[in-house]
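This is what each chain is made of:
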Amino acid sequence: MLIGELSRRTGVNAHQLRYYEAQGLLDAERGANGYREYDDSAVLRVKQIRHLLGAGLSSEDIAYLLPCAVGEAPELLGCPELVAAMRSRLRRLDDQLDRLARSRDALADYIDAADRMAGANYPPFDHACQEPVPA
């Protein structure tokens, strides 16, 4: 099938499909006319890629995981290298969540402090530079 048909069957635009190919996630043959030609297994492969992207995995992670992918969802075979890679990715996500939670807590503390001081008499702000203007 041509790229337009693969796009129609998967709901993924042709630009993204070409990107997947460039990342080594999707294979295409070239016809005599130079057009990309995909076999029927490409539909399943694109659906797997979309599910894995939805899990927050990078295209590099996905390239590593795809050989172990079975089915559309997909299910991943539990080879030790695969499990180690997924655990590593999960640790990175947990670290990001921890940093975001700390940032959120700090911002909430600043907002609470500002709310408590709402009645205090501060000099007006010059909105151009966001610094207090001397009274």
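Residues numbered from 1 in each chain as written. Predicted model: local features only at pLDDT ≥ 70, side-chain atom pairs only at ≥ 80, totals over all residues. Heavy atoms only, no water.

### Brief notes about the environment of Gln-16
Our working rule: Helix and strand assignments follow DSSP, with helices taken as H or I runs no shorter than four residues and strands as E runs no shorter than two, numbered in order from the N terminus. For every residue, the accessible area obtained with a 1.4 Å probe (protein chains only) is divided by the maximum for its type, and the residue is called buried under 20%, exposed over 50%, and partly exposed between those limits.
Tracing the backbone shows Gln-16 in helix H2 (residues 14–22). Gln-16 sits in the partly exposed class, given a relative accessible area of 26%. Taking the C-alpha atoms as reference points, Gln-16 and Val-46, separated by 30 residues in sequence, lie 10.0 Å from one another.

### A closer look at the pattern of salt bridges
Note the following rule: Any carboxyl oxygen of Asp or Glu within 4 Å of a side-chain nitrogen of Lys or Arg constitutes a salt bridge here.
In this structure the tally under the stated criterion is six salt bridges. The shortest N-O distance in the salt bridge between Arg-8 and Glu-5 comes to 2.7 Å. Linking Arg-8 with Glu-5, this pair stays in helix H1 (residues 3–10), spanning three residues, or about one helical turn. Take Arg-8: its relative accessible area is 59%, and that puts it in the exposed class. For Arg-89, the salt bridge goes to Asp-61, with nearest N and O atoms at 3.7 Å. Linking Arg-89 in helix H5 (residues 80–116) with Asp-61 in helix H4 (residues 59–65), this pair joins segments that are 28 residues apart in sequence. Classification of Arg-89 as buried rests on a relative accessible area of 15%. A network of salt bridges, in which partner residues are shared, links Asp-61, Arg-89 and Arg-92.

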